[in-house]
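# Coordinates in review
Here are the chains, one letter per residue:
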Amino acid sequence: MGALGAGLAAPPLAAVGALASAGVTDFTSLPSVLTTAAPEQRSQILAADGSLIVAPGDEDRVVVPLAAVAPVMRQAQVAIEDSRFYEHGPVDVQGLVRAAVSDLRTGTAGEGASTLTQQLVKLTLQSQALAAGHDAAAAAAVEKTLPRKLTELRYAAALERAWSKDRILESYLNLAYYGAGAYGVEAAALRYFGVHASALTLTEAATLAGLVQSPSTTDPVSHPAAAKARRDVVLGRMLALRLVSRAQWQAAVRRPLAADLHVTHEPTTCASSAHPYFCSFVVSWLEQEPELGPTRRARRDLLYRGGLTVRTTLDPAAERDVDRALQAVAPRGNALGVAAAAYVTRPGTGDVVALGQDTAYGSGSSAGTTELDYAVDARYGGSRGFQFGSTAKAFSLVTAMEQGLGTGASVDAPAADSTHPATFRPKDFPQPCGLSRPWRVYNDEAWHGGRMPLTTATEQSTNTAFVALAGRIGVCAIRSTMTAFGVHDASGGPIGTYPPQVVLGAQQVSPQTMADAYAALATGGVLCRTRPVTSVTRAGRTLLAVAQTCTRVADAHAVRQTTQLLEDNMTHGSGILNQLSGRPSAGKTGTSNANAQSWFVGYTPQLATAVWVGNPTQQNRPMFDVSMAGKTCASMTGACYAAPIWRRIMDAVSSGLPAVPMP
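Residues numbered from 1 in each chain as written. Predicted model: local features only at pLDDT ≥ 70, side-chain atom pairs only at ≥ 80, totals over all residues. Heavy atoms only, no water.

Of all hydrophobic cores here, the largest spans 129 residues; its most connected members are Leu286 and Ile645. If you tally residues by element for this core, the top one is helix H23 (residues 638-654), at 9 residues. The contact partners of Ile645, leaving out residues within four places of it in the chain, are Ala325, Leu326, Val329, Ala330, Ala340, Val611 and Val613. Membership of the second largest hydrophobic core comes to 49 residues, among which are Ala156, Leu159, Ala206 and Val212. (Core = buried A, V, L, I, M, F, W, Y, C linked by side-chain atoms within 4.5 Å. Buried < 20%, exposed > 50% of the residue type's maximum accessible area, 1.4 Å probe, protein only. Helix = DSSP H or I, 4+ residues; strand = E, 2+ residues; numbered from the N terminus. Contact = heavy atoms within 4.5 Å.)

Considering all chains together, one arrives at 4 disulfides under this definition. Here Cys270 engages in a disulfide with Cys279; their sulfurs sit 2.1 Å apart. Taking the torsion about the S-S bond as the criterion, the Cys270 to Cys279 disulfide, at about -75°, is left-handed. With relative accessibility at 1%, the residue Cys279 sits in the buried group. Between the sulfur of Cys528 and that of Cys550 lies a disulfide, 2.1 Å long from S to S. As the torsion about the S-S bond is roughly 105°, the Cys528-Cys550 disulfide counts as right-handed. Placement of Cys528 in strand E16 (residues 526-528) and of Cys550 in strand E19 (residues 550-552) is noted, with a sequence separation of 22 residues between them. Residue Cys528 is classed as buried on the basis of its relative accessible area of 9%. (Disulfide = S-S within 2.5 Å.)

A few words on the sheet that holds strand E18 (residues 541-545). Spatial strand order, E2-E1-E5-E17-E18: 5 strands in an open sheet with mixed pairing. Looking at strand neighbours, the two that pair on one side only are strand E2 (52-54) and E18, the edges of this open sheet. Averaged over all pairs of adjacent strands, the angle between their axes in this sheet comes to 25°, without regard to strand direction. Note that strand E5 (residues 308-312) and strand E17 (residues 533-538) share 5 bridges and pair antiparallel. Bridge pairing in E17 links Val310 to Val536. Across the sheet, helix H14 (residues 296-305) lies against strand E1 (44-46), E5, E17 and E18, angled at about 100° from E5, the strand it touches most. (Pairing = 2+ DSSP bridges. Axes fitted to C-alpha atoms, helices over the stretch in contact; angles between N-to-C directions.)

We now examine the pattern of salt bridges. The tally for this structure, following the rule as stated, stands at 17 salt bridges. In this structure, Lys228 and Asp232 form a salt bridge, with 2.9 Å as the shortest nitrogen-oxygen distance. One end of the pair, Lys228, and the other, Asp232, are both in helix H11 (residues 224-240), 4 residues apart, so they sit about a helical turn from each other. Look at Lys228 and you get partly exposed, because its relative accessible area is 26%. One salt bridge connects Asp321 with Arg324, and the closest N-O pair in it is separated by 2.7 Å. Here the residue Asp321 and the residue Arg324 both occupy positions in helix H15 (residues 316-329), the gap between them amounting to 3 residues, near one helical turn. By relative accessible area, which is 52% here, Arg324 ends up exposed. Where salt bridges share partners, they join Arg42, Asp60, Arg191 and Glu266 into one cluster. (Salt bridge = Lys/Arg side-chain N within 4 Å of Asp/Glu carboxyl O.)

A word on the packing of aromatic side chains. Throughout the structure, instances matching the rule amount to 16 aromatic pairs. Centroid distance Tyr374 to Phe386: 5.9 Å. Interplanar angle 75°. Geometry classified as edge-to-face. Taken together, the residues span a long stretch of sequence, with Tyr374 in the loop between strand E9 (369-370) and strand E10 (386-387) and Phe386 in strand E10 at a distance of 12 residues. In this structure, Tyr374 and Phe386 share a single accessibility class: buried. Ring geometry for Phe424 and Trp439: centres 6.3 Å apart, planes at 50°, overall tilted. Remark: Trp439 occurs in strand E13 (residues 439-441) and Phe424 occurs in strand E12 (residues 422-424); sequence separation between them is 15 residues. On the basis of relative accessible area, Phe424 is assigned to the buried category, the value being 9%. Given the relative accessible area of 10%, Trp439 is considered buried. The cationic tip of Arg300 hangs over the ring face of Tyr304; the distance from NZ or CZ to the ring centre is 3.9 Å. (Phe/Tyr/Trp six-rings, centres within 6.5 Å; stacked < 30°, edge-to-face > 60°. Lys NZ or Arg CZ within 6 Å of the ring centre and 35° of its normal.)

Next up on the list: helix H21 (residues 511-522). Its 12 residues place the ends of H21 16 Å apart at the C-alpha level, agreeing with the 16 Å of an ideal helix rising 1.5 Å per residue. In terms of burial, H21 is a largely internal element, 12 of the 12 residues being buried. Listed in full, the buried residues belonging to H21 are Pro511, Gln512, Thr513, Met514, Ala515, Asp516, Ala517, Tyr518, Ala519, Ala520, Leu521 and Ala522. A positive backbone phi angle near 75° is found at Gly524, which sits one or two residues after H21. (Expected span 1.5 Å × (residues − 1).)

Contact pair helix H9 (residues 185-193) / helix H10 (residues 202-211): the axes reach a minimum separation of 11 Å and the direction vectors enclose 120°. With respect to H10, the axis of H9 lies oblique. H9 and H10 meet at a crossing whose hand is right-handed. Each of Val185, Ala188, Ala189, Tyr192 and Phe193 in H9 lies in contact with H10, whose residues at this interface are Glu204, Thr207, Leu208 and Leu211. Considering only residue class, the contact of H9 with H10 consists of 7 nonpolar, 1 polar and 1 charged. (Parallel < 35°, antiparallel > 145°, perpendicular 65-115°, else oblique. Left-handed = near helix turned anticlockwise from the far one by under 90°. Nonpolar A, V, L, I, M, F, W, Y, C, P; charged D, E, K, R; others polar.)

Following this line, the structure appears as C-alpha cells:
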C-alpha cells in the first residue's frame with residue numbers, strides 16, 4: 001500500500017486533484033472483501049451410452065483445476081498478461097509507477113499495468129453483475145475510471161492475502177473470455193482445437209493466450225492473419241522470458257495457424273442437438289423437479305449455469321430407428337399434411353428409450369417444422385394431444401376381466417356399419433358417467449347384430465360391441481381403470497366421464513400416456529412413473545437420483561387375460577399384417593371420428609411403443625382415399641400407417657433382444 005501511495009503521489013497535485021474530482025477521499029474506506037462464487041458453466045445432458053445430447057448453458061464454460069491445464073498454457077497466459085505475476089504482490093509497482101504518471105495527468109485510467117489479480121477482480125465483478133441481470137453494474141466493472149481502478153486494487157490486495165498465486169491463476173483461466181462463445185480455457189481448447197486444456201501444444205496455447213486482450217478482432221476463425229500475428233507476439237514474449245528456446249520459437253512461428261485449428265461446435269441448444277425433441281422433453285422435465293430448486297426459474301438457472309451432469313435413459317440407436325421408421329412411412333412435408341410421432345418405453349422401469357416425430361425442430365412457419373413435441377404431454381413441451389380412438393378399448397377389457405367375464409365371454413352387440421349407426425340412449429348409460437343425448441355409434445366393419453365373442457370384438461374393433469360391454473360393466477368402472485393406468489388428457493386434466501371419451505377414446509391424449517399405460521399391461525398391471533433421467537450430479541455430488549417408481553394398479557390375472565386378447569388381435573385381427581419378426585406381441589389400433597387421427601399401441605415384455613399419425617392442425621378433417629409414401633388406403637386407419645411404423649420401430653429396437661413369450 002505504501003508503494004501504491006508513492007505511485008499515486010507522483011505528481012501529488014495531479015493525484016489530489018484527480019481523486020478529489022472522483023469523490024474518493026480515503027483509499028482505506030473502499031470495500032476490502034471480494035465475494036467470489038463458482039463461475040457459471042454449462043451443463044451436460046447425456047444419453048444412456050454417455051454420448052452428448054446437449055450442453056445447455058448461458059455461457060460455454062467448463063471449470064477445470066489448474067492441474068488440468070497444460071503447463072505451457074499457464075506460461076503463455078502469464079507471459080503475455082503479467083510476466084512478473086509470481087514475483088510481485090497485488091500491485092506491480094514497476095508497472096504502476098510507469099502508468100500512474102500518465103493516468104493521473106490525464107485524469108483517466110487508460111494506461112495498462114493491471115496485474116492478473118486485478119484482471120480477475122474485474123472479470124469477477126463483471127460476471128457476477130451479468131449473472132444477476134445488472135447490466136449497468138457490469139458496465140461499471142470495466143469502466144476506465146480512477147474510482148473503479150482503486151476499488152479493483154483494494155479487492156486485489158485482499159484477494160492476494162487470502163489466495164495463493166496458483167489459485168488466482170486457476171480462477172482467471174476459468175473466467176476469461178476467449179471468443180466464439182467460449183469462456184474459460186477448457187471450453188476454448190475444445191472449441192478451437194478439439195482437445196482438452198491439458199493437451200494444448202505451444203502454438204495452441206500461444207493462440208489462446210493472445211485472444212484474451214481482444215477476442216473478437218483476433219478470432220482465429222474469422223481473422224486468421226490477426227490471430228497469427230497476436231500468437232507470434234505471445235511467442236516472442238515467451239522467448240524474451242526464456243520460457244522457450246530459440247529453436248522452439250522458430251518452429252512455432254513458422255507453423256501455420258490452420259495446422260492447429262480443429263473447430264468443434266457442441267450442441268448448446270435443443271435446436272442444435274441430434275435429438276431435439278427428446279432434449280426439449282428432458283429440459284422441461286428437469287424444470288419441474290423440486291429437488292433442483294424452489295421455483296421453475298431457479299431450476300432452469302441451475303441447469304443453464306450450474307455445470308450439471310444429467311444422465312438420461314435415451315438410447316440414441318433406438319431414436320435413430322424411430323426417426324427412420326417415421327420418415328419411411330410418413331415422410332416430412334407429405335402431401336396429406338399429416339404428422340407422425342412415436343414414444344418408446346421399457347416396461348417395468350418407466351425409462352424413456354426413445355421418442356421422435358417426422359417434423360423438423362424449429363419455430364419456422366414452413367410445413368413440417370415445429371417445436372411442439374407431439375409425442376409428450378403439454379407440460380413437457382407437447383401439444384394438447386389427439387383423440388386416441390379404439391386404443392381405449394384395452395381398458396374396457398381389463399375392467400371386464402377384473403369383473404370376472406373371462407376371455408370366452410360375449411356381448412349382445414347391436415347391428416351397425418359405416419353408414420348405418422346403432423343408437424344408444426341416455427337411459428342406457430345413467431349418470432354420473434352417462435349420456436345427455438342419444439349417441440349414434442358406427443362400426444368400420446358391418447355387424448348384423450347379436451352375440452359377439454370378446455375375441456371377435458377385439459379383432460374387428462367392433463364399436464357397438466364395446467359400447468354394449470360398457471353398459472354391462474359400467475362406464476365409471478372403465479374410467480377408474482383408465483385413471484389407475486395413468487391415462488389422462490394431454491393438457492394435464494383427467495379423462496372425462498362422457499361415454500364416448502371413455503369407451504371409444506374421444507379425448508385428446510399423448511403417445512407418452514398411451515405407451516406408459518400399455519407398458520403397465522406388459523408388466524401384468526404395474527404402472528411405472530415416466531423416467532427420462534436417472535441422475536443429476538454436480539462436481540461429483542448427486543443432486544437428484546431418480547429411482548424406478550412402480551405401483552400395481554390392476555389384478556395381474558385380469559391383465560394377463562387382456563394381453564391374451566390383444567395378442568390374438570395381432571395374429572387374427574387388425575394387427576395381423578404387422579406382426580413382429582420372430583417374437584410375439586400384443587397391440588391395438590385406434591382411429592378417431594372421420595379417420596382424422598390414427599394410432600397403434602403395442603408391446604412385448606421388453607418394450608412398449610405408441611405411434612400416432614394424423615393432422616395436428618385440422619384434427620377433425622376427414623381422411624379418406626389417402627396416399628402417402630407410395631401407399632394408398634381407403635382411409636386413415638391405425639392399421640394403414642401407424643401400425644407399419646410401430647412394426648418397423650419394434651423390430652429394429654428389439655433386434656438383439658431374446659424372444660420372450662407374452663405373459
